[in-house]
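Descriptive structure summary
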Amino acid sequence: HDLEESETNALNTRMELVQSQQHSEALRLRAQQQQFLIDELETRLRATADRAADADARCRSAERSAQKASTQAASMRGLFESEASKRQADSRDHRKKILALESEALALQKATDEAQAERSRREVREQELVRMHEEKLRRVEDELQKSKKETSALKV
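The following paragraphs examine the structure supplied in this document. (Residues numbered from 1 in each chain as written. Predicted model: local features only at pLDDT ≥ 70, side-chain atom pairs only at ≥ 80, totals over all residues. Heavy atoms only, no water.)

Points about the overall build of the chain
What the chain contains, in helices and strands, is two helices and zero strands. In summary, the chain has a C-alpha radius of gyration of 35 Å against a globular reference of 15 Å for 156 residues, an excess of more than 25%. Counting only C-alpha atoms and orienting by the principal axes, one finds that the chain spans roughly 130 × 15 × 15 Å. By residue count, 20% of the 156 residues in the chain fall in the buried class. Within the chain, contacts between residues separated by at least 24 positions form 81% of all contacts whose residues are at least 6 apart in sequence. (Helix = DSSP H or I, 4+ residues; strand = E, 2+ residues; numbered from the N terminus. Rg over C-alpha atoms; globule rule 2.2 N^0.38 Å. Buried < 20%, exposed > 50% of the residue type's maximum accessible area, 1.4 Å probe, protein only. Contact = heavy atoms within 4.5 Å.)

Written out as structure tokens, the structure is:
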């Protein structure tokens, strides 16, 4: 009778060990999946940051072009006004050129303003996206830590 009870206890202990090992393996797989998700989120976050840096560089380039055109327009205006005072007959042509340059400078300034507004909107969107990714990353890391603790508790 004691032998049967001992065999039953041994069998029960083996079954509990197998179940514990299966649970531990399931937790390990879950931790691997969560680590993969964390890696994927970090990759996406870096790609977003790279795109933001590229867009920012393009915006700065547009700003420099607009400033250069504005400086050229101011320079040309002074030149044309001086020439107009010397040659009254050419004044209409010079004024047309000045207006065209000013119009171009205004158009470039408008494009710069639009680019700055777009950059501001993009930065807000990117900050929100980064915030969302960081929140998700924190949740996944918390769950990973919980899984690791559960795994550790099962090993003991």
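Topic: the environment of Gln32
For Gln32, the position within the fold is in helix α1 (residues 2-86). For Gln32, a relative accessible area of 44% puts it in the partly exposed group. Sequence-wise, Gln32 and Ala105 are 73 residues apart; in three dimensions their C-alpha atoms are separated by 57 Å.

Things to note about empty space enclosed by the protein
In total, this model carries one cavity of 30 Å³ or more according to the counting rule given. Of the volumes computed, that of the largest cavity is approximately 30 Å³. Lining the largest cavity, in full, are Leu41, Glu42, Leu45, His133, Glu134 and Leu137. Elements that contribute at least two residues to the lining of the largest cavity include exactly α1 and α2 (91-155). Looking at the lining of the largest cavity residue by residue, the classes come out as three nonpolar, one polar and two charged. (1 Å grid on protein atoms, 1.4 Å probe; cavity = no way out; pocket = protein on both sides within 12 Å on 5 of 7 lines; lining within 4 Å. Points joined across faces, edges and corners; volume = space filled by probe spheres on them. Nonpolar A, V, L, I, M, F, W, Y, C, P; charged D, E, K, R; others polar.)

Some details on the nonpolar core
Counting five residues, the largest nonpolar core is built from Ala31, Ile38, Leu137, Val140 and Leu144. Among the elements of the structure, α1 and α2 are those that each provide at least two residues to this core. Filtering out sequence-adjacent residues up to four positions away, Ile38 remains in contact with Leu137, Val140, Glu141 and Leu144. (Core = buried A, V, L, I, M, F, W, Y, C linked by side-chain atoms within 4.5 Å.)

Looking at a negative patch on the surface
A contiguous patch of negative charge, built from Asp39, Glu42, Glu141 and Asp142, is present on the exposed surface. Listing elements by their share of the negative patch, those giving two or more residues are α1 and α2. Looking at where Asp142 falls in the secondary structure, it is placed in helix α2. Residue class for Asp142 comes out exposed when judged on its relative accessible area of 54%. (Patch = residues over 30% accessible without salt bridge, like charges linked within 9 Å, V, L, I, M, F, W, Y side chains within 5 Å. Areas by Shrake-Rupley, 256 points an atom, 1.4 Å probe, with all protein chains shown as cover. Salt bridge = Lys/Arg side-chain N within 4 Å of Asp/Glu carboxyl O. Lys, Arg positive; Asp, Glu negative; His and termini not counted. Charge placed at Lys NZ, Arg CZ, Asp CG, Glu CD.)

Some words on the side chain of Arg122
Within the secondary structure, Arg122 is located in helix α2. On the accessibility criterion, Arg122 (13% relative accessible area) is buried. In contact with Arg122, other than residues within four places in its own chain, are Ala52, Ala55 and Asp56.

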